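In case you want the letters, here they are:
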Amino acid sequence: MSAVTERTSLWGGRFAGGPAEALARLSVSVQFDWRLAPYDIAASRAHARVLATAGLLDPQELGRMLAALDDLEAACASGEFRPTVDDEDVHTALERGLLERLGALGGKLRAGRSRNDQVATDLRMYLRDHARGVAGRLVELADALVEQAERHVDTPAPGMTHVQHAQPVSFGHWLLAHVQPLLRDLDRLRDWDARAAISPLGSGALAGSSLPLDPAAVAHELGFTAPAPNSMDAVADRDFVAEFLFVTALVGVHLSRLGEEVVLWTSTEFGWVELDDAFATGSSIMPQKKNADIAELARGKSGRLVGGLVAVLTMLKGLPLTYDRDMQEDKEPAFDAVDTLQLLLPALAGMISTMTVRVDRLVAAAPVGFSLATEVADWLVRRGVPFRDAHEVTGRLVALCAARECELEDVSDDDLKTVSEHLDPSVREVLSVRSALAARTTPGSTGPGPVAEQLATVQNRLDSWREWAIETVVPR
Ligand code: ARG
């Protein structure tokens, strides 16, 4: 049998027979790790060059090797070369592809490297590449929120704590409060990327190589900042997966909080937001229904993002050095996190950018629930009343209004005096939502001035992300 028709395996010399069917089925990872193929091929190119520099491939062999890798890459991209059920993993499938193209020469590439340093390298490259894609989608969602925020700097809304009306805020400020976490997520991705940019190649199975390899050259060629400082750590370390999954889990949590608010805002009880038909769903039985399924899926999918992080941390806990096969379980959660965000973020961005904000409903809701009570207390403080007493006085005023079912500004001059000697009719100056918002001038607060400043800062920060998000990590 030729090497081409025989089942390609990367091991077997010391085994009397082939693997049991049950083992092969458990062990196989090619159905999910095939997506690492372009990165594995890029790493193979770098490794081939280093083998040639070391005198282990002659120039003519290097030329044939690189041509075969190019051809294999094109065949993988077109789908002409596909993994088969007999390929244990992406590395096995690609070695088969190389043997098909080069015969015995294809077997030279494995010198000085192991699947242990290869898979750690491939996954770092994959995640660094896709972190940029995820960042791009995060920027698009942030852009959608910022555009809506720009329209609603001056739209008042009833700001809440405990889902109870608390103090009036600008709805633009509220929307920007969902952008800030996304900016921190973007920062986290870039911080993560700097730590992930370490190349395990050259570590071999665990101890490095007796061959004169050049890990620094390989690292540089593959877009890493440096080779790993410890070959054992290099093949055992999956911090970069766990950290990536923490960032994506936290993104999931942020999206779930935004999703939950959209669910509330679009309910009949709130009625603050109307979704565009293209970004809402209907019911199979109730013809009138218009549901915010994107927002609900944002809430729901946070479960799998958090779950992926927990799965990988649990898998890593207590693993002895160095590589253990447990670590094959790192890939599906990582891929799932990328896939989930790439699906979810564009849908959320579309939903946010096309939603209609019911300004009339927000304006009407802003002062409801005595949300201007703090203005009264602050007004008293400006007149020298200790806040402790001001709070008490205002509480009595609220109780009076609640009993009479009237608003704060409806209390008569006489009744104001009865509630407290400190109160007089000029307190009504602060009893409007507009004045409450206008009075908030400190940086980061909800007044029109600070919100406009925040908008400008946020836009600048988002602009600084646009280039990073389209950066190419893996050179051709
Ligand atoms: N498929 C393996 C993984 O994803 C590749 C490394 C296998 N190494 C080994 N020594 N069996 O982790």
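Rules used throughout
Residues numbered from 1 in each chain as written. Predicted model: local features only at pLDDT ≥ 70, side-chain atom pairs only at ≥ 80, totals over all residues. Heavy atoms only, no water. Helix = DSSP H or I, 4+ residues; strand = E, 2+ residues; numbered from the N terminus. Rg over C-alpha atoms; globule rule 2.2 N^0.38 Å. Buried < 20%, exposed > 50% of the residue type's maximum accessible area, 1.4 Å probe, protein only. Contact = heavy atoms within 4.5 Å. Areas by Shrake-Rupley, 256 points an atom, 1.4 Å probe, with all protein chains shown as cover. Lys, Arg positive; Asp, Glu negative; His and termini not counted. Charge placed at Lys NZ, Arg CZ, Asp CG, Glu CD. Axes fitted to C-alpha atoms, helices over the stretch in contact; angles between N-to-C directions. Parallel < 35°, antiparallel > 145°, perpendicular 65-115°, else oblique. Left-handed = near helix turned anticlockwise from the far one by under 90°. 1 Å grid on protein atoms, 1.4 Å probe; cavity = no way out; pocket = protein on both sides within 12 Å on 5 of 7 lines; lining within 4 Å. Points joined across faces, edges and corners; volume = space filled by probe spheres on them. Nonpolar A, V, L, I, M, F, W, Y, C, P; charged D, E, K, R; others polar. Near = heavy atom within 4 Å. Polar contact = N/O pair within 3.5 Å; in protein donor to acceptor, adjacent residues only side chain to side chain. Patch = residues over 30% accessible without salt bridge, like charges linked within 9 Å, V, L, I, M, F, W, Y side chains within 5 Å. Salt bridge = Lys/Arg side-chain N within 4 Å of Asp/Glu carboxyl O. Phe/Tyr/Trp six-rings, centres within 6.5 Å; stacked < 30°, edge-to-face > 60°.

Draft legend 1. Layout of the overall build of the protein. Looking only at helices and strands, one finds 18 helices and 6 strands in the protein. Here the C-alpha atoms of the protein give a radius of gyration of 30 Å, more than 25% beyond the 23 Å that 2.2 N^0.38 yields for 476 residues. Seen through its principal axes, the protein has C-alpha atoms that stretch 105 × 55 × 40 Å. Across the 476 residues of the protein, 49% fall into the buried class. Pairs at least 24 residues apart make up 78% of the contacts formed inside the protein by residues separated by at least 6 positions. About 22,100 Å² of surface is accessible on the protein, with carbon and sulfur atoms providing 54% of the total. The protein carries 47 positive and 68 negative side-chain charges, and their two centres are separated by 2 Å.

Draft legend 2. Quick look at the packing of helix H11 (residues 293–316) against helix H12 (residues 331–354). Closest axis-to-axis distance for the H11/H12 pair is 10 Å, and the angle between their directions is 160 degrees. Judged on the interaxial angle alone, H12 and H11 are roughly antiparallel. The two elements H11 and H12 meet at a crossing, and its hand is left-handed. On H12, the residues that touch Ile294, Ala295, Leu297, Ala298, Lys301, Arg304, Leu305, Gly308 and Val312 of H11 are Pro333, Asp336, Ala337, Thr340, Leu341, Leu344, Ala347, Leu348 and Met351.

Draft legend 3. Representation of the layout of surface pockets within the structure. Here the largest pocket defines a volume of roughly 600 Å³. Taken together, the elements giving at least two residues each to the lining of the largest pocket come down to strand S1 (156–161), strand S2 (164–170), helix H7 (171–196) and helix H10 (239–265). Considering every element that reaches the lining of the largest pocket, the biggest residue donor is H10, with 6 residues. Among the residues forming the lining of the largest pocket, the class breakdown is 11 nonpolar, 8 polar and 4 charged. Within this model, the second largest pocket holds a volume of roughly 370 Å³. Residue lining of the second largest pocket: 14 residues in total, with Thr266, Ser267, Thr268, Val273 and Lys290 positioned closest to the centre. Residue classes in the lining of the second largest pocket are distributed as 4 nonpolar, 5 polar and 5 charged.

Draft legend 4. Region of the structure containing the environment of Ala292. Checked against the element boundaries, Ala292 lands in the loop between strand S5 (273–274) and H11. Distance from Ala292 to Trp272, taken between C-alpha atoms, is 13 Å for residues 20 residues apart in sequence. Not counting the four nearest positions on each side in its chain, Ala292 is found in contact with Val263, Thr266 and Leu275.

Draft legend 5. Here's a closer look at unusual backbone geometry. A cis amide bond links Leu321 with the next residue in sequence, Thr322, at an omega value of 5 degrees. When you line up the elements, Thr322 lands in the loop between H11 and H12. Unusually for a residue other than glycine, Val163 sits at a positive phi of about 55 degrees. Classification of Val163 as exposed rests on a relative accessible area of 56%.

Draft legend 6. Highlighting the site of the ligand. Residues in contact with the ligand, as listed here, are Ser29, Asp89, Arg115, Asn116, Val119, Tyr323, Gln328 and Lys331. At a separation of 3.2 Å, a nitrogen atom of the ligand approaches a polar side-chain atom of Asp89. Side-chain polar atom of Lys331 to an oxygen atom of the ligand: 2.6 Å apart, as the coordinates give it. Coverage of the ligand by the protein amounts to 86% of the 340 Å² it exposes when considered alone.

Draft legend 7. Examining empty space enclosed by the protein more closely. If you walk through the whole model with that rule in mind, you get 2 cavities of 30 Å³ or more. Around the largest cavity sit 16 residues that line it, and Ser44, His91, Glu95, Leu109 and Arg113 are the ones nearest its centre. For the lining of the largest cavity, the secondary-structure elements that each account for two or more residues are helix H3 (37–53), helix H4 (59–78), helix H5 (90–102) and helix H6 (115–151). Ranked by the residues each element gives to the lining of the largest cavity, the list is headed by H5, at 4 residues. Its volume calculated, the second largest cavity comes out at about 60 Å³. Along its surface, the second largest cavity is lined by His47, Val50, Gly112, Arg113, Asp117, Leu201, Gly202, Leu213, Asp214, Pro215 and Val218.

Draft legend 8. Representation of a nonpolar patch on the surface in the model. Side chains of Leu206, Met232 and Leu321 sit close together on the surface and give an oily, nonpolar patch of about 280 Å² of accessible area. By relative accessible area, which is 35% here, Leu206 ends up partly exposed.

Draft legend 9. Local environment of the packing of H4 against H5. The geometry of H4 relative to H5 is characterised by a closest axis approach of 10 Å and an angle of 120 degrees between their N-to-C directions. One way to sum up the angle between H4 and H5 is to call them oblique. Considering the relative orientation of H4 and H5, their crossing is right-handed. Contacts between H4 and H5 involve Arg64, Met65, Ala68, Leu69, Asp71, Leu72, Ala75 and Cys76 from the former and Leu94, Gly97, Leu98, Arg101 and Leu102 from the latter. Residues of the contact of H4 with H5, tallied by class, amount to 9 nonpolar, 1 polar and 3 charged.

Draft legend 10. Region of the structure containing the packing of aromatic side chains. With the rule as written, the count across this model stands at 12 aromatic pairs. When the ring of Trp192 is compared with that of Phe244, the centres are 5.1 Å apart and the planes differ by 55 degrees; the resulting orientation is tilted. With Trp192 in helix H7 and Phe244 in helix H10, this residue pair connects regions lying 52 residues apart in the sequence. Residue Trp192 shares its accessibility class with Phe244, and that shared class is buried. Summarising the aromatic geometry, the rings of Trp465 and Trp468 are spaced 5.6 Å apart at their centres and angled 90 degrees between planes, so their arrangement reads as edge-to-face. Note that Trp465 and Trp468 are positioned in helix H18 (residues 448–469) at a spacing of 3 residues, about one turn of the helix. Residue classification places Trp465 among the buried residues on the basis of a relative accessible area of 1%. The class for Trp468 is buried, based on a relative accessible area of 7%.

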